[in-house]
Amino acid sequence: MRSKAPAPVVFGAPMIPDPARLAEITAEALSAGWLTNGGVLHLRLEKALAAHVAPGDAVSLVSSGTMALLLGLALGGLPPGSEVITTPLSFAATAQAIAWNGLVPVFADVDPVTLTLQPEAVEAAITPRTSAILPVHFLGVPCDVDALGAIAERHGLWLLYDAAHAFGLTFQGQPIGSFGDASAFSLHATKILHTGEGGFIVTRARRARAFRQMRNFGLEGRLPAGRGLNGKMSELNAAMGLALLPDLAAELAARDSLCRSYDDTLAGIAGLRLHATRPGASKSLGYYVLRLPPNRRERLHAALAQEGIFARDQFPLLCGPGTVWADAEIVTRDGSAPVAPRVGQEVLCLPLHGRVLASDVARIGRIAADICSEGNI
Ligand SMILES: *Cc1c(COP(=O)(O)O)cnc(C)c1O
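The shown structure was predicted, so the numbers you read here are calculated from the model rather than taken from an experiment.

S.K.: Would you mind going over the site of the ligand with me for this structure?
M.R.: In the vicinity of the ligand, 15 residues are found, and the nearest of them are G65, T66, D162, S186 and K191. In this structure, an oxygen atom belonging to the ligand sits 2.6 Å away from a side-chain N or O atom of T66. In this structure, D162 approaches the ligand through a side-chain N or O atom, which is 2.7 Å from a nitrogen atom. Considering the ligand on its own, with 390 Å² of exposed area, one finds that the protein chains cover 92% of that surface. Where the shell around the ligand is concerned, the elements lending two or more residues are helix 3 (65-74) and helix 4 (92-100).

S.K.: What's the story with the domain arrangement of the chain in this structure? I'm lost.
M.R.: Bring the parts together and some accessible area is lost; that lost area is often taken as the interface size. For the chain, the domain assignment lists domain 1 (19-241) and domain 2 (247-372). For domain 1 versus domain 2, the separation of C-alpha centres amounts to 25 Å. On the domain 2 side, the residues contacting the 43 residues of domain 1 number 38 residues. Three residues, F107, L139 and I192, lead the burial of domain 1 against domain 2; their summed loss comes to 21% of the area buried on that side. As a salt-bridge pair, D247 and R21 come within 3.2 Å of each other at their nearest N and O atoms. Our count for the domain 1 to domain 2 interface comes out at 14 residue pairs in polar contact (both at pLDDT 80 or more). Taken together, the elements giving at least two residues each to the side of domain 1 that touches domain 2 come down to helix 4, strand 3 (104-108), helix 5 (119-125) and strand 6 (170-171). Considering only residue class, the side of domain 1 that touches domain 2 consists of 27 nonpolar, 11 polar and five charged.

S.K.: Is there a simple way to think about the UniProt feature "modified residue: N6-(pyridoxal phosphate)lysine" (unreviewed entry) in the chain in this case?
M.R.: The positions UniProt marks with the feature "modified residue: N6-(pyridoxal phosphate)lysine" (unreviewed entry) are K191. Examined against the element boundaries, K191 turns out to sit in the loop between strand 8 (182-186) and strand 9 (199-204). A residue is classified by how much of its surface remains accessible, and K191, at 16% relative accessible area, is buried.

S.K.: So what exactly am I meant to see when it comes to the sheet that holds strand 5 (residues 158-162) here?
M.R.: Sheet strands pair via backbone hydrogen bonds, and the direction of the pair is either parallel or antiparallel. Ordered by their spatial adjacency, eight strands build an open sheet running 1-9-8-5-4-2-3-14, and the pairing between neighbours is mixed. The open sheet has two edge strands with one neighbour each: strand 1 (57-62) and strand 14 (330-331). Sheet strands touched by helix 4: strand 2 (83-86), strand 3, strand 4 (130-134) and strand 5. Its angle to strand 3, the strand with the most contacts, is close to 140°. Each of strand 1, strand 5 and strand 9 is contacted by helix 7 (residues 205-215), which is oriented at about 15° to strand 1, the strand it contacts most.

Reading the values: the criteria
- Residues numbered from 1 in each chain as written.
- Predicted model: local features only at pLDDT ≥ 70, side-chain atom pairs only at ≥ 80, totals over all residues.
- Heavy atoms only, no water.
- Near = heavy atom within 4 Å.
- Polar contact = N/O pair within 3.5 Å; in protein donor to acceptor, adjacent residues only side chain to side chain.
- Areas by Shrake-Rupley, 256 points an atom, 1.4 Å probe, with all protein chains shown as cover.
- Helix = DSSP H or I, 4+ residues; strand = E, 2+ residues; numbered from the N terminus.
- Domains from an automatic or database assignment.
- Contact = heavy atoms within 4.5 Å.
- Buried area = accessible area lost by both parts, 1.4 Å probe.
- Salt bridge = Lys/Arg side-chain N within 4 Å of Asp/Glu carboxyl O.
- Nonpolar A, V, L, I, M, F, W, Y, C, P; charged D, E, K, R; others polar.
- UniProt positions renumbered as here; feature names shortened; annotations may be inferred.
- Buried < 20%, exposed > 50% of the residue type's maximum accessible area, 1.4 Å probe, protein only.
- Pairing = 2+ DSSP bridges.
- Axes fitted to C-alpha atoms, helices over the stretch in contact; angles between N-to-C directions.

Shown next as structure tokens:
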């Protein structure tokens, strides 16, 4: 008998809700005749997500993670044209949200180990025009929140975290959304928990009212009393999130056990490093990240693809060639060459979802061992 080729292993697979459960929840909105503007499902999802935040913080749902970033910056009341210090290693939305607010992104270098903004580089990037810092908990590794918080405080800067990669994480026992002035999360289908499209922000509770006014056209009663736009999440999107919540624990457990078998299979391979999180952080289940020299990473990526296994190295520099910020420099603490262009090239994310089989992990291990045993040509 001929053996069948193994099924392709896709990079990501969104959680799919039980159709009957989704229909039942959606039917509530339909029978209420209420499809958006803070309906019963929206309220229920906001409450459920609030279980992931610290006491004294508030969750506000919005239409996307990008919207959470846009409004999270606007909430800071930053002067038009002022500078926001951010990282060159992130998804496009981070820098776009700065520019779309009429603010100027200033890129500072990252720490070569954690790949998150380096506090000393942030400090070096501060000018009289700086109004805010927008760090990213990149690939689920928390930023140096103590140092960044101290810098923001010392210089009177707004501190908004992009927490799109960090859903469910804790750092030093605190929910990840409890740091800084606010944290923006994504509920896009590519993220662990999702609503198809969607997002939310965690703010200190006293700011929630102002934020919710902004996401609803800046309305106070019927009057546009402040800045605002339409950032609301519809009932249909909220229904998706509510329908997935009962499956979240099982998805996380499946990812956790997949991470363990990746660890067991890959840890011993010379020339390949597992991207470690910051001490004090809970385990990141959003991404499983390898670090290897760029040429080797490229060969491993291609060799996996040839076997129908789709890994991803999807984070080119936000201010690299071909971007609208190609002319922006990356500020370093001492004026030396930045590490971000090099270390960003070392990243390879392996498939991480409930449908990766043990036999897939074994194949990935064999291919990685082969590539890493070749000379570093
Ligand atoms: C996904 C993502 C976003 C944007 O979220 P959307 O919900 O797609 O708008 C922002 N920042 C980072 C780092 C992301 O990965």
